[in-house]
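# Secondary and tertiary structure notes
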Amino acid sequence: MGTTRRHFLAAASAGAARAWQSSPNDRIRLGQIGCGGRSRDHLAELVKADENAAIGAVCDVWKVNREASSGAIGRVFGTPPKQTTRYQDLLAMKDIDAVLIATPDMTHPRILADAVAAGKDVYVEKPFAVDFADAKMAWQAVKRSKQVVQVGTQRRSDPQFIGAAQAMHSGVIGKITRVEMAVNFQEQRWHKPLDNVRKEDVDWEAFQFGGRIKEGFDARRLREWQLFRETTNGIAGLWMCHLIDLAPWYLRDPFPKAAMAMGGVYLWKDGRETSDVFQATVEYNECLVTFAMSLTNAAGNRNLWYGTKGTMDLDNLKITGEGSRDPNRVKDTIAIERTPVESHMANFLRCVRSRQTPRASVDNGFQHAVAGCMAAVSLETGRRVRFDADKLELL
């Protein structure tokens, strides 16, 4: 850790030449809102980015996570961060320039909107939102502001997916009319130990988030919030957002026209309220995108893009003429090239300084949220859901 600290100090001395300055040594002062697994990833990414930034405050409703995060941050940066259970208190801190949001899904939009209103730049985890009204509210709040917002759809900074986008936009596989995406696993990845969760260590009122969670203290709702409808829209938000984000990017079509979904709890009858098997069909302009997921069989993943001149396989990083009868189809297998770029976190920090738009902009976040919310509403209601992009309404 000592080496890491020296890197940060060295970067601080060089920072004076940069255009953006919020403090004498040009260090970006961050607040971490949510101190679970994703926050640990944020810390690791922050260290690797080596962009002269440090976390000065942390917020989490659970003492165990909050203190563990504080300890890790203190070891990295030499100074323990301030702690709070209320994100509003962190946003009121004048010495915090930007925040990293890694809280349960349903809280992302409100915290994001409050953060930009407080003048903070934001890195907000995916999904952008699990409720359409919240997505629209947060998107509009950011558009009214002057803040830099990076959404945590990290494929936007993944060299292989950037390379695939460039190949796709070159027209190599022709007109794309169908996309097949699937994710499968069988282990109980959502299961968390509960024996160390004590009521006195949890700010339950803060976790209830303005009354959105009605129940009294429940250790399982705190630790396994992915299973409950109050805190997530299920697979549509938890997993579909990762891959459906590619559709508006690769197809150059920001919003779906319609979506339909089916699913349910077919195996893990453990009190969960969100599906363990799910499939959605999302219609873009003359292209159907299907996303399927099973928590009941580890059959592997698929990410296939079918064009008139060939097929792009993003799992195996290759382009072939398979399936095409076009005389100008792809003749030989083409390997998808990796396009080197800075990390998602480094991109965010550099945009904080330059005031440029990050790779995963708030517009990109809103786009994947629209698709996910449409699929979730379809699953809940059993009907086909359409989107009016002019009125910004689900129909």
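First things first, this report covers the structure right here in the doc.

Analysis parameters
Residues numbered from 1 in each chain as written. Predicted model: local features only at pLDDT ≥ 70, side-chain atom pairs only at ≥ 80, totals over all residues. Heavy atoms only, no water. Helix = DSSP H or I, 4+ residues; strand = E, 2+ residues; numbered from the N terminus. Rg over C-alpha atoms; globule rule 2.2 N^0.38 Å. Buried < 20%, exposed > 50% of the residue type's maximum accessible area, 1.4 Å probe, protein only. Contact = heavy atoms within 4.5 Å. Areas by Shrake-Rupley, 256 points an atom, 1.4 Å probe, with all protein chains shown as cover. Lys, Arg positive; Asp, Glu negative; His and termini not counted. Charge placed at Lys NZ, Arg CZ, Asp CG, Glu CD. 1 Å grid on protein atoms, 1.4 Å probe; cavity = no way out; pocket = protein on both sides within 12 Å on 5 of 7 lines; lining within 4 Å. Points joined across faces, edges and corners; volume = space filled by probe spheres on them. Nonpolar A, V, L, I, M, F, W, Y, C, P; charged D, E, K, R; others polar. Pairing = 2+ DSSP bridges. Axes fitted to C-alpha atoms, helices over the stretch in contact; angles between N-to-C directions.

## As for the overall build of the protein
- On a plain count of helices and strands, the protein comes out with 14 helices and 16 strands.
- Relative to the compact-globule value of 21 Å for 395 residues, the protein shows a C-alpha radius of gyration of 22 Å, a close match.
- Taken over 395 residues, the protein has a buried fraction of 56%.
- By sequence separation, contacts in the protein at least 24 residues apart represent 70% of the contacts at least 6 residues apart.
- In the form shown here, the protein has an accessible surface area of approximately 17200 Å², with 49% of it arising from carbon and sulfur atoms.
- Averaged over its 54 positive side-chain charges, the protein has a centre that lies 3 Å from the centre of its 47 negative ones.

## Things to note about empty space enclosed by the protein
- Inspection of every chain in the model, using the stated rule, returns 1 cavity of 30 Å³ or more.
- In this structure, the largest cavity encloses a volume near 30 Å³.
- Considering the residues around the largest cavity, the lining is formed by Pro127, Ala129, Asn233, Ala236, Gly237, Cys241, His368, Ala369, Gly372 and Cys373.
- Elements with a contribution of two residues or more to the lining of the largest cavity: helix H10 (235-238) and helix H14 (362-381).
- Among the residues forming the lining of the largest cavity, the class breakdown is 6 nonpolar, 4 polar and no charged.

## Some remarks on the sheet that holds strand S9 (residues 277-284)
- Strands sit in the order S14-S13-S12-S11-S7-S10-S9-S8-S15-S16 across an open sheet of 10 strands; the sheet is mixed. The open sheet has two edge strands with one neighbour each: strand S14 (334-335) and strand S16 (393-394).
- Where strand S8 (residues 258-264) and strand S15 (residues 385-388) come together, 2 bridges link them in antiparallel fashion. Residue Ala258 lies in a different strand from S15, and its bridge partner there is Arg386.
- Across the sheet, H14 lies against S8, S9, S15 and S16, angled at about 55 degrees from S8, the strand it touches most.

In short, shape yes, function no, at least from these values alone.
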